[in-house]
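Single-letter residue listing:
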Amino acid sequence: MREYLLTLCVTAAVTYLLTGPVRKFAIVAGAMPEIRARDVHREPTPRLGGIAMFFGLCAGLLVADHLTNLNEVFAKSNEPRALLSGAALIWLIGVLDDKFEIDALIKLGGQMIAAGVMVVQGLTILWLPIPGVGNVALTQWQGTLLTVALVVITINAVNFVDGLDGLAAGMVCIAAGAFFLYAYRIWYSYGIEAAAPGTLFAAILMGMCLGFLPHNMHPARIFMGDSGSMLIGLVLAAGAISITGQLDPDALALFTGSEKAAVHQTVPVYIPLLLPLTIIAVPAADLVLAIVRRTWRGQSPFAADRGHLHHRLLEIGHSHSRAVLIMYFWSALIAFGALAYSVNSASMWIVLGVVALSGVGLVLLLLPRFTPRVPMWAQRFVPPRYRLRRRAAEAAVIGEAEEAQEAQEAEERAPVAAGVSGVNGATAIGPRSRFLDRR
């Protein structure tokens, strides 16, 4: 665990330290697109944050290669090199898109090529663990097609959700955290070395996101751009492929008693192959809804709009920060709920807890539609925004009282002013009248 934490910290530190210089480079390079109709930020913000994230990935892999235990991952598997090759290719495509905004079909082709590069180097799905059936081996072309599809879907799911400050990095970090705990448990609890690469990928992905988040939280100083969103999507997909597609359930059967029970243990990462990715179910749902919505309107599935889930949260009245936190909440609930279910699927408390937290999430979604009435004694214990209406009412009462007092003082000053004006008028008119009389 210490080596994983060291790798995570190094990745986060390198990403964090490089993001500032990358921001200056993006400004000089002109990677600051004008505000578009679908954007929610008000000022031009530099992109290319994926440059810092990619070098953080490289630093994490380099450090892990020189650590005693993690070095075995590089010695016994070619998956880290496959990940680096695919990541470098997708990163270059993202950098070009951040600068020149290349066509969506070209990006899609690049994503498929990056996935193919990883498949050629061994990072591919070999079999599927199907609950109730067991281990199903795949042919070479079936595994290749499924791997490419999973990579492309995950990349675009993360790319679509990257619409608010800190949203994509935070959600992927939550997903990577849940995935790391699951993979670490498979490796060290069961002693299955095939889970080691996926565990390493999850730790590095967490470091990339944590290092970038301080610069990307609202109001963001820099955006990750496609160079960052596509990169972290590919790393997340690589981890899922590494464990689900290459971990043999027969090895788990030695610890769980049967192959079907072993397949059941892989449910949290088996589901991603079909849905795709339980751990990023919210971005995946947003992706599906976006494709259906745009196709229904007769538009291209890659045509940008303001119909994503985070845009809808803003439209119903949520603030920027609250919308991001709500998306975090649902991502964590789904990811860690699946993780808890994999540990103890027989416990009803887990199901009840997920249901209760889902109810809390629905209440949070509806908060902008009503303003709770807070009792007098609880005013000091609630956030200031729930005291605004009361303060406004008190200010209105105070304003009316001040206006009444000013009116009363004006009435009291009126007779005095009239007397003064009368005296002044006599003084002014008297000499004039006498002068006219003399003439």
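Predicted model only: the values in this text are computed from it and were never measured.

**Describing the overall build of the chain**
Part 1 of the argument: Scanning the chain for helices and strands turns up 17 helices and 2 strands.
Part 2 of the argument: The buried share among the 439 residues of the chain stands at 46%.
Part 3 of the argument: For the chain, the share of sequence-separated contacts (at least 6 apart) that also reach a separation of at least 24 residues comes to 75%.
Part 4 of the argument: In the form shown here, the chain has an accessible surface area of approximately 21,700 Å², with 65% of it arising from carbon and sulfur atoms.

**Let's talk about a nonpolar patch on the surface**
Part 1 of the argument: A cluster of nonpolar side chains, contributed by Met348, Trp349, Val351, Leu352 and Val355, occupies part of the molecular surface with about 570 Å² of accessible area.
Part 2 of the argument: Secondary-structure assignment places tryptophan 349 in helix α16 (residues 348-366).
Part 3 of the argument: We classify tryptophan 349 as exposed; its relative accessible area is 72%.

**Looking at the side chain of glutamate 3**
Part 1 of the argument: Residue placement: glutamate 3 occurs in helix α1 (residues 2-29).
Part 2 of the argument: An unpaired buried charge is present at glutamate 3: no salt bridge exists, and arginine 2, the closest side chain of opposite charge, is 7.3 Å distant.
Part 3 of the argument: At a separation of 3.5 Å, a polar atom in the side chain of glutamate 3 contacts the main-chain amide nitrogen of threonine 68.
Part 4 of the argument: Apart from residues lying up to four places away in sequence, glutamate 3 is in contact with Leu67, Thr68, Asn69 and Leu70.

**Describing the environment of isoleucine 186**
Part 1 of the argument: Position of isoleucine 186 among the secondary structure elements: in helix α7 (residues 167-190).
Part 2 of the argument: Isoleucine 186 gets classed as buried once you look at its relative accessible area, which sits at 0%.
Part 3 of the argument: Taking the C-alpha atoms as reference points, isoleucine 186 and threonine 199, separated by 13 residues in sequence, lie 9.2 Å from one another.

**Observations concerning the nonpolar core**
Part 1 of the argument: One finds Leu57, Leu200, Leu205, Leu231, Ile232 and Leu234 to be the most contacted residues of the largest nonpolar core, which totals 85 residues.
Part 2 of the argument: The dominant element in this core, judged by the number of residues it contributes, is α7, at 16 residues.
Part 3 of the argument: In this view, leucine 200 contacts Tyr4, Thr7, Leu61, Ala64, Leu70, Val73 and Phe74; residues no more than four positions away in its chain are not counted.

**Some remarks on unusual backbone geometry**
Part 1 of the argument: Here leucine 48, not a glycine, exhibits a phi torsion of approximately 70 degrees, which is positive.
Part 2 of the argument: Look at leucine 48 and you get buried, because its relative accessible area is 3%.
Part 3 of the argument: The phi dihedral of glutamate 101 is positive, around 55 degrees, even though this residue is not glycine.
Part 4 of the argument: Looking at the element boundaries, glutamate 101 is found in the loop between α4 (79-100) and α5 (104-120).

**Notes on empty space enclosed by the protein**
Where empty space is left becomes clear once a probe the size of a water molecule has been rolled over the atoms.
Part 1 of the argument: Scanning all chains against the criterion turns up 2 cavities of 30 Å³ or more.
Part 2 of the argument: In terms of lining, the second largest cavity is formed by Ala176, Phe179, Gly198, Phe201, Ala202, Leu205, Val235, Leu236 and Gly239.
Part 3 of the argument: Those elements that place two or more of their residues in the lining of the second largest cavity are α7, α8 (196-216) and α9 (225-244).
Part 4 of the argument: The class makeup of the residues in the lining of the second largest cavity is 7 nonpolar, 2 polar and no charged.

**Here's the deal with the confidence of the model for the chain**
Caution is warranted with low-pLDDT regions, since their predicted coordinates should not be read in detail.
Part 1 of the argument: Looking at the chain, the pLDDT average stands at 76 and 64% of residues meet or exceed 70.
Part 2 of the argument: Looking over the chain, one finds the lowest element-wise mean pLDDT in helix α12 (residues 267-270), namely 46, and the highest in helix α2 (residues 50-65), namely 95.
Part 3 of the argument: For residues 268-276, every residue scores under 50 in pLDDT, and the model assigns this stretch 27 contacts once sequence neighbours within four places are set aside.
Part 4 of the argument: Overall, residues 420-439 carries pLDDT values under 50, and its contacts beyond four positions in sequence, including any with other chains, amount to 2 contacts.

**Let's talk about the packing of aromatic side chains**
Part 1 of the argument: Within this structure, the stated rule accounts for 7 aromatic pairs.
Part 2 of the argument: Plain terms: the ring middles of phenylalanine 54 and phenylalanine 55 are 5.9 Å apart, the flat faces sit at 75 degrees to each other, and that makes the pair edge-to-face.
Part 3 of the argument: Consider the rings of phenylalanine 54 and tryptophan 91, whose centres lie 4.3 Å apart with planes at 10 degrees: the pair is stacked. Remark: tryptophan 91 occurs in helix α4 and phenylalanine 54 occurs in helix α2; sequence separation between them is 37 residues. Each member of the pair phenylalanine 54 and tryptophan 91 is classed as buried.
Part 4 of the argument: Ring pairing ties together the aromatic residues Tyr4, Phe180 and Tyr184, which thus form one cluster.
Part 5 of the argument: The ring of phenylalanine 100 has lysine 99 lying over it, and the distance from NZ or CZ to the ring centre is 6.0 Å.

**Remarks on the packing of α8 against α9**
Part 1 of the argument: Viewed as axis vectors pointing N to C, α8 and α9 meet at an angle of 160 degrees, and their least axial separation amounts to 8 Å. Compared by their axis directions, α8 and α9 come out roughly antiparallel. At the point where α8 passes α9, the crossing takes the left-handed sense. Residue-level inspection shows Pro197, Gly198, Phe201, Leu205, Met208 and Cys209 of α8 in contact with α9, the latter providing Leu231, Ile232, Val235, Leu236, Ala238, Gly239, Ser242 and Ile243.
Part 2 of the argument: Tallied by class, residues from the contact of α8 with α9 come to 11 nonpolar, 3 polar and no charged.

**A word on the packing of α2 against α4**
Part 1 of the argument: In the contact formed by α2 and α4, the axes pass within 10 Å of each other and the chain directions differ by 170 degrees. Between α2 and α4, the crossing angle belongs to the class labelled roughly antiparallel. Between α2 and α4, the residues in contact are Gly50, Ile51, Phe54, Leu57, Cys58 and Leu61 and Pro80, Leu83, Leu84, Ala87, Ala88, Trp91 and Val95, respectively.

**Thoughts on α9**
Part 1 of the argument: The end-to-end C-alpha distance of α9, which contains 20 residues, comes to 29 Å, matching closely the 28 Å that a straight helix rising 1.5 Å per residue would cover.
Part 2 of the argument: Where burial is concerned, most of α9 is hidden: 20 out of the 20 residues are buried.

**A word on the environment of isoleucine 102**
Part 1 of the argument: Take isoleucine 102: it is sitting in the loop between α4 and α5.
Part 2 of the argument: Those residues in contact with isoleucine 102 that lie beyond four places of it in its chain are Ile93, Leu96, Asp97 and Lys107.

**Details of the pattern of salt bridges**
Part 1 of the argument: A complete count under the given rule lists 3 salt bridges for this structure.
Part 2 of the argument: Here glutamate 101 ties to arginine 47 by a salt bridge, and the two come within 3.5 Å at their closest N and O atoms. Placement of the pair is glutamate 101 in the loop between α4 and α5 and arginine 47 in the loop between α1 and α2, with a sequence separation of 54 residues.
Part 3 of the argument: Relative accessible area serves as the criterion here: at 10%, arginine 47 is assigned to the buried category.
Part 4 of the argument: For aspartate 226, the salt bridge goes to lysine 107, with nearest N and O atoms at 2.8 Å. Separated by 119 residues along the polypeptide, aspartate 226 in helix α9 and lysine 107 in helix α5 bring together distant segments of the chain.

Scoring rules and cut-offs
Residues numbered from 1 in each chain as written. Predicted model: local features only at pLDDT ≥ 70, side-chain atom pairs only at ≥ 80, totals over all residues. Heavy atoms only, no water. Helix = DSSP H or I, 4+ residues; strand = E, 2+ residues; numbered from the N terminus. Buried < 20%, exposed > 50% of the residue type's maximum accessible area, 1.4 Å probe, protein only. Contact = heavy atoms within 4.5 Å. Areas by Shrake-Rupley, 256 points an atom, 1.4 Å probe, with all protein chains shown as cover. Patch = residues over 30% accessible without salt bridge, like charges linked within 9 Å, V, L, I, M, F, W, Y side chains within 5 Å. Salt bridge = Lys/Arg side-chain N within 4 Å of Asp/Glu carboxyl O. Lys, Arg positive; Asp, Glu negative; His and termini not counted. Polar contact = N/O pair within 3.5 Å; in protein donor to acceptor, adjacent residues only side chain to side chain. Core = buried A, V, L, I, M, F, W, Y, C linked by side-chain atoms within 4.5 Å. 1 Å grid on protein atoms, 1.4 Å probe; cavity = no way out; pocket = protein on both sides within 12 Å on 5 of 7 lines; lining within 4 Å. Points joined across faces, edges and corners; volume = space filled by probe spheres on them. Nonpolar A, V, L, I, M, F, W, Y, C, P; charged D, E, K, R; others polar. pLDDT = per-residue confidence, 0-100. Phe/Tyr/Trp six-rings, centres within 6.5 Å; stacked < 30°, edge-to-face > 60°. Lys NZ or Arg CZ within 6 Å of the ring centre and 35° of its normal. Axes fitted to C-alpha atoms, helices over the stretch in contact; angles between N-to-C directions. Parallel < 35°, antiparallel > 145°, perpendicular 65-115°, else oblique. Left-handed = near helix turned anticlockwise from the far one by under 90°. Expected span 1.5 Å × (residues − 1).

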